[in-house]
Amino acid sequence: MMVRGQWAQDLAPGVHHWFLHFLDLQMRREEYSTIFNVETSQQAFEDEIEAAGVGVMPEKPEADAVLYDDMVQGGTKRYLHLSYAIGSRASWELIEDDQYGLIKQVPKAHVRSAQFAREIVSANVLNLGFSTILTIDGVSLFNTQHPLLGGAAATNTAPGVANVIFASGTYPNRPSPDVDLSFTGVQLMINQFERMPDSQGLPVRVKPTTILIPPELKFIAREILGSPGKPYTADNELNALLGEDLKFQVVHYFTSQSAWYAVADKEYHQLKFFERHPIDSDYDDDFDTRSTKIITFQRFSAGATSWIGTWGSNGP
Amino acid sequence: MAITAVPIIPVKSLSGNQFAARRIIEDATQTFKSGTPVAMAAADGGVIAWAGATVSGAVGSVVGISYEAASNLASTGLGAPSPNSPVTGLGAALTFGSVQNEASAKNIPHGAPINDGRVGLFIAAFADTVFSATLGTTGNPTNWSDALLSTNPLAGLTIDTGGNFWYVDLGKTNLVRIVGRDLRDPVGTGNRVLFQFIGTAVQQL
């Protein structure tokens with residue numbers, strides 16, 4: 001509850017400038033929407049179900065009957081929208097005596113808070129992607145063994161994955177052990193992307209385009225991706241990563257200083273953000289006290305339907 | 001005649017405000033119904049069915065009346081969001097069948113009830129809330145008497161003979177205070193009464 005005793009400086013004119021952090025300091029440009037596919041929802045939740053196609057088309061020997069194969073229905077990923085809200089109260093006397101219109105700015109402070117909430121919740125899909133954020137296959141978003149619907153037949157079908165996978169019937173989007181952001185680490189990531197199959201083992205077109213990093217890795221990312229020669233050697237070799245056309249993006253809501261991630265362009269991955277109710281403010285007066293309550297709220301969900309098109313390493 | 005109790009529900013608040021409610025992580029393997037007294041597990045803070053004995057106000061005492069049924073979770077708080085995270089579990093407690101080659105993947109029936117690992121309860125310790133429940137005396141139905149308020153306002157809660165819901169038991173004096181008759185019921189058997197929890201008998205939330 002904000003009352004005049006706490007805001008004594010607001011009661012008399014003469015202050016040249018109130019340095020309001022939520023107005024005078026710019027918030028960072030929106031980051032979650034550059035990573036996640038943003039969609040709207042009109043329901044309590046959104047369910048997504050995956051399905052695999054069929055395996056490789058085999059030869060049909062002359063006069064022999066065709067082989068039949070079935071599409072495979074996979075599991076369900078549910079996006080359950082949560083509500084986020086914050087409120088502030090101010091006494092009627094404070095509002096009436098407010099010489100600078102500060103209390104009227106409360107909703108703007110709330111909006112700053114709301115924007116941060118959607119940034120951090122979205123970033124936590126990646127931050128927690130090594131443990132508690134699950135994809136449609138029931139394992140963590142970044143995993144060394146994502147099970148494929150086609151099972152061992154899928155990895156038998158997928159060309160050249162023998163040296164990439166850690167177990168038959170699975171495919172990784174995480175190194176084992178985890179590696180730091182480095183020249184060889186990026187190469188490893190690219191190799192896992194290049195061999196990425198669908199659930200029946202058929203290669204899919206997913207190209208990593210963006211490396212997502214915490215601010216602490218900005219300099220090394222610039223060296224690795226921007227150096228004309230192979231970084232950290234004196235052999236004058238070309239920097240082979242230049243041809244990959246990779247860019248990096250600093251995400252200021254990552255909690256680890258060493259974890260790094262890579263994603264394909266948005267149409268090639270299934271990281272999703274559902275907007276159920278946009279940021280909205282409301283207020284009401286308490287009849288007895290005449291104090292004002294201001295609340296700001298929103299509903300959304302974020303998550304990953306599939307791991308395909310994403311990759312992560314939890315540092316060393 | 002045995003008592004067939006009905007779910008306990010809050011029916012009014014003294015202030016006129018909304019009934020005080022919370023959603024808290026549900027303990028593992030709970031199957032309690034909506035409208036039953038619940039407590040918190042000492043080990044992990046998960047909501048459990050009240051065992052019917054502890055009325056000291058310590059852990060194990062009633063913390064509230066559930067307003068949704070338990071979901072029989074495999075572990076405490078399964079799928080509940082971490083601070084600033086989305087729901088970490090399935091978003092539903094109901095699944096069917098299995099998914100080929102993906103042992104941990106789940107099929108959620110379309111339209112299955114949502115679940116975030118938490119369960120809702122109306123807070124017992126909030127003196128503002130008045131609840132309604134069936135009246136009985138040690139297993140026997142009891143009719144409302146106007147004299148109750150003056151002679152025997154203290155009571156307890158006992159689960160009915162079918163093991164379903166709890167009734168206000170005049171055979172006990174340790175948990176609730178009867179504050180009136182539920183005027184929705186006609187005079188006769190099956191009377192419901194209004195009650196509030198005794199503050200020292202329930203766990204504070």
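Everything numeric in this text was worked out from a predicted model, so none of it was measured.

In terms of regular secondary structure, chain B is built from one helix and twelve strands. Counting every position in chain B, which comprises 205 residues, the buried fraction comes to 45%. Considering only residue pairs separated by 6 or more positions, chain B has 65% of its internal contacts joining residues 24 or more positions apart.

To continue, consider the sheet that holds strand 3 (residues 37–40) of chain B. All names here are of chain B. The strand order across the open sheet built from five strands is 2-6-5-3-4, with neighbouring strands paired in antiparallel fashion. Among the strands making up the open sheet, the edge pair consists of strand 2 (21–25) and strand 4 (47–49). Strand after strand, the sheet turns through a mean of 50° between neighbouring axes, direction not considered.

Our next topic: the nonpolar core. Counting 57 residues, the largest nonpolar core has A:Ile211, A:Leu212, A:Ile213, A:Ala221 and A:Trp260 as its most contacted members. Leaving out residues up to four positions away in the same chain, A:Trp260 has contacts with A:Leu181, A:Ile211, A:Leu212, A:Ile213, A:Leu217 and A:Ser313.

All names here are of chain A. In spatial order, the strands read 8-7-9-12; together these four strands make up an open sheet with mixed pairing. Pairing within the sheet leaves two strands with one partner each, and these edge strands are strand 8 (247–250) and strand 12 (310–313). Averaged over all pairs of adjacent strands, the angle between their axes in this sheet comes to 20°, without regard to strand direction. Judged from the four bridges that link them, strand 9 (residues 260–264) and strand 12 form a sheet pairing that is antiparallel. Bridge assignment links Trp260 to a residue of strand 12, and that residue is Ser313. Along the sheet face, helix 6 (residues 183–194) touches strand 7 (208–213), strand 9 and strand 12 and points at about 150° away from the line of strand 12.

Next up on the list: the interface of chain B and chain A. Contacts between chain B and chain A engage 22 residues on the former and 30 residues on the latter. Class assignment for the residues of the side of chain B that touches chain A results in nine nonpolar, ten polar and three charged.

A few words on the confidence of the model for chain B. Scored by pLDDT, chain B has a mean of 93; 99% of the residues are at 70 or more. Across the assembled chains, the prediction reports ipTM 0.87 with pTM 0.91.

What follows covers the pairing of strand 3 (residues 72–80) of chain A. Residues and elements named next belong to chain A. When you tally the buried positions in strand 3, you get eight out of nine residues, the bulk of the element. As defined by bridge partners, strand 2 (residues 45–52) adjoins strand 3 across seven bridges and the pair is classed as antiparallel. Note on strand 3: the bridge partner recorded for Ala52 is Val72.

All names here are of chain A. Between the first and last C-alpha of helix 6 there are 16 Å, a value that for twelve residues agrees with the 16 Å anticipated at 1.5 Å per step. Listing the buried residues of helix 6 in full gives Val186, Met189, Gln192 and Phe193. End-on, the buried residues of helix 6 take up no more than an arc of 120°, which puts them together on one face. Lining the buried residues of helix 6 we find strand 7, helix 7 (218–226), strand 9 and strand 12.

Residues and elements named next belong to chain A. Note on placement: Ala221 falls in helix 7. Between the C-alpha atom of Ala221 and that of Ser182, which follows or precedes it by 39 residues, the distance is 7.9 Å. Ignoring sequence-local partners within four residues, the contact set of Ala221 consists of Leu181, Ile211, Ile213 and Phe248.

What counts as what
Residues numbered from 1 in each chain as written. Chains lettered and ligands numbered in written order. Predicted model: local features only at pLDDT ≥ 70, side-chain atom pairs only at ≥ 80, totals over all residues. Helix = DSSP H or I, 4+ residues; strand = E, 2+ residues; numbered from the N terminus. Buried ≥ 20, exposed ≤ 12 C-beta atoms within 10 Å, placed from the backbone. Contact = placed C-beta atoms within 7 Å. Pairing = 2+ DSSP bridges. Axes fitted to C-alpha atoms, helices over the stretch in contact; angles between N-to-C directions. Core = buried A, V, L, I, M, F, W, Y, C linked by C-beta atoms within 7 Å. Nonpolar A, V, L, I, M, F, W, Y, C, P; charged D, E, K, R; others polar. pLDDT = per-residue confidence, 0-100. Expected span 1.5 Å × (residues − 1). Arc of directions from axis to C-beta.

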